[in-house]
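Chain by chain, the residues:
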Amino acid sequence: MKHVVISGSTRGIGYGLAWEFLWAGCRVMISGQ
């Protein structure tokens, strides 16, 4: 299992990337304001 950290992932491109990584089976940690 892969782990991914995405900053600025509460909207926009970061949000889309977070969902794609989740669908791919990765563990995702997000951060935003």
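Anything mentioned here points back to the structure above.
None of these values were measured; they are calculated from a predicted model.

A. A look at the side chain of Ser-9. You can see Ser-9 is positioned in the loop between β1 (3–7) and α1 (12–23). With relative accessibility at 2%, the residue Ser-9 sits in the buried group. Only 3.3 Å separates the side chain of Ser-9 from the backbone oxygen of Ile-6, close enough to count as a polar contact. Excluding its chain neighbours within four sequence positions, the residues that come into contact with Ser-9 are Gly-14, Tyr-15, Ala-18, Ile-30 and Ser-31.

B. Region of the structure containing the environment of Leu-22. Tracing the sequence through the fold places Leu-22 in helix α1. Taking the C-alpha atoms as reference points, Leu-22 and Val-4, separated by 18 residues in sequence, lie 9.3 Å from one another.

C. Structural detail: a nonpolar patch on the surface. A cluster of nonpolar residues, Tyr-15, Trp-19, Leu-22 and Trp-23, forms a patch on the protein surface that exposes about 520 Å² of accessible area. As for its position among the elements, Trp-23 is in helix α1. Owing to a relative accessible area of 71%, Trp-23 belongs among the exposed residues under this scheme.

D. Region of interest: the pairing of β1. Burial along β1 is one-sided: Val-4 and Ile-6 are buried, while His-3, Val-5 and Ser-7, pointing the other way, are not. Bridge count for β1 against strand β2 (residues 27–31) is five bridges, and the pairing is parallel. Looking at β2, one finds that His-3 is bridged to Arg-27.

Procedures and definitions
- Residues numbered from 1 in each chain as written.
- Predicted model: local features only at pLDDT ≥ 70, side-chain atom pairs only at ≥ 80, totals over all residues.
- Heavy atoms only, no water.
- Helix = DSSP H or I, 4+ residues; strand = E, 2+ residues; numbered from the N terminus.
- Buried < 20%, exposed > 50% of the residue type's maximum accessible area, 1.4 Å probe, protein only.
- Polar contact = N/O pair within 3.5 Å; in protein donor to acceptor, adjacent residues only side chain to side chain.
- Contact = heavy atoms within 4.5 Å.
- Patch = residues over 30% accessible without salt bridge, like charges linked within 9 Å, V, L, I, M, F, W, Y side chains within 5 Å.
- Areas by Shrake-Rupley, 256 points an atom, 1.4 Å probe, with all protein chains shown as cover.
- Salt bridge = Lys/Arg side-chain N within 4 Å of Asp/Glu carboxyl O.
- Pairing = 2+ DSSP bridges.

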